[in-house]
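So the chains spell out like this:
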Amino acid sequence: MKPYKRPQYWNSPTMGWWERAYVFEIARGLWVTGSIFTRNMWRWITGRKGALTTYYPEETRADYAPLNRGKHILVQRENGKPQCIACNLCATVCPAKVIEIEAAFDPTDPLHPKYPARFEIDYSRCVFCGLCVEACPEDAIRMLKEVPDLPTFDRDTLWLGKEELLTWNPRKDGAKR
Ligand code: SF4
Ligand code: SF4
């Protein structure tokens, strides 16, 4: 029987004397970092565009990738109620356990009697994985490409509630009756 050969997923360390001396590679790394730093500083001083840094909070980025997973929204029905049926699937699948939902019952709405009386996300621990969006059977929670304005000195302000999630640029295009 042929002996098992474990597959190798890394490059063999075939360093020449140049790399093994380290000092030249360190100098090369410093040269790359220093030249990019100097170029960015020059672009910033001369007011040119193209510097790789953003001067937050004075500047904010506007060019997020179309599929960037940013801030969550809760989708509204046409009557303004959340499309969410408080099934708790998103909270169950969330790996960071940052979604808290309190279900309530509305006897005056026979089509959608169950709704979230409280729906909160703790942004201090959310890892923006998007699993909550994937798990939702009602397409009731989505993530916009824009990121939320997160920096704060108070972690308690990072709990976003139902009202904010419903009204922060709500998307009614996919609203169900
Ligand atoms: S994006 Fe991920 S971590 Fe954040 S609330 Fe959704 S499932 Fe949880
Ligand atoms: S957002 Fe979707 S998955 Fe989460 S409780 Fe509401 S309906 Fe269920």
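The protein chain is annotated in an unreviewed UniProt entry as NADH-quinone oxidoreductase subunit I of Usitatibacter palustris. Database annotation for the protein chain, UniProt heading Sequence similarities (unreviewed entry): "Belongs to the complex I 23 kDa subunit family."

*Asks:* Looking at this structure, I do not really get the overall build of the protein chain. What am I missing?
*Replies:* Helices and strands together make up the secondary structure of the protein chain, namely 5 helices and 5 strands. Scanning the protein chain from its N terminus toward the C terminus, one meets helices and strands in the order α-α-β-α-β-β-α-β-β-α. Out of the 177 residues in the protein chain, the part that is buried amounts to 25%. At a minimum sequence separation of 6, the contacts of the protein chain that also span at least 24 residues come to 66%. Accessible surface, the protein chain: about 13,100 Å² in total, of which carbon and sulfur atoms supply 59%.

*Asks:* Help me understand the UniProt feature "binding site: [4Fe-4S] cluster 2" (unreviewed entry) in the protein chain in this model?
*Replies:* Within the UniProt annotation, "binding site: [4Fe-4S] cluster 2" (unreviewed entry) is assigned to Cys 94, Cys 126, Cys 129 and Cys 132. Spanning 39 residues, the named residues nonetheless gather at one spot, since no C-alpha pair among them exceeds 10.6 Å. In the annotated set above, the residues contributing to the lining of the largest cavity are Cys 94, Cys 126, Cys 129 and Cys 132. With respect to the helices and strands, the residue Cys 94 is situated in the loop between helix H3 (89-93) and strand E2 (99-105). Along the chain, the position of Cys 126 falls in the loop between strand E3 (114-122) and helix H4 (131-135). Look at Cys 126 and you get buried, because its relative accessible area is 15%. Excluding residues within four positions of it along the chain, Cys 126 makes contact with His 72 and Val 98.

*Asks:* I tried to follow the confidence of the model for the protein chain on my own but got confused; where do I start?
*Replies:* Residues shown with low pLDDT carry predicted positions that ought not to be read at fine detail. Looking at the protein chain, the pLDDT average stands at 85 and 89% of residues meet or exceed 70. pLDDT under 50 marks residues 169-177. Its contacts with residues more than four places away, or in other chains, come to 23 contacts.

Calculation rules
- Residues numbered from 1 in each chain as written.
- Chains lettered and ligands numbered in written order.
- Predicted model: local features only at pLDDT ≥ 70, side-chain atom pairs only at ≥ 80, totals over all residues.
- Heavy atoms only, no water.
- UniProt positions renumbered as here; feature names shortened; annotations may be inferred.
- Helix = DSSP H or I, 4+ residues; strand = E, 2+ residues; numbered from the N terminus.
- Buried < 20%, exposed > 50% of the residue type's maximum accessible area, 1.4 Å probe, protein only.
- Contact = heavy atoms within 4.5 Å.
- Areas by Shrake-Rupley, 256 points an atom, 1.4 Å probe, with all protein chains shown as cover.
- 1 Å grid on protein atoms, 1.4 Å probe; cavity = no way out; pocket = protein on both sides within 12 Å on 5 of 7 lines; lining within 4 Å.
- pLDDT = per-residue confidence, 0-100.

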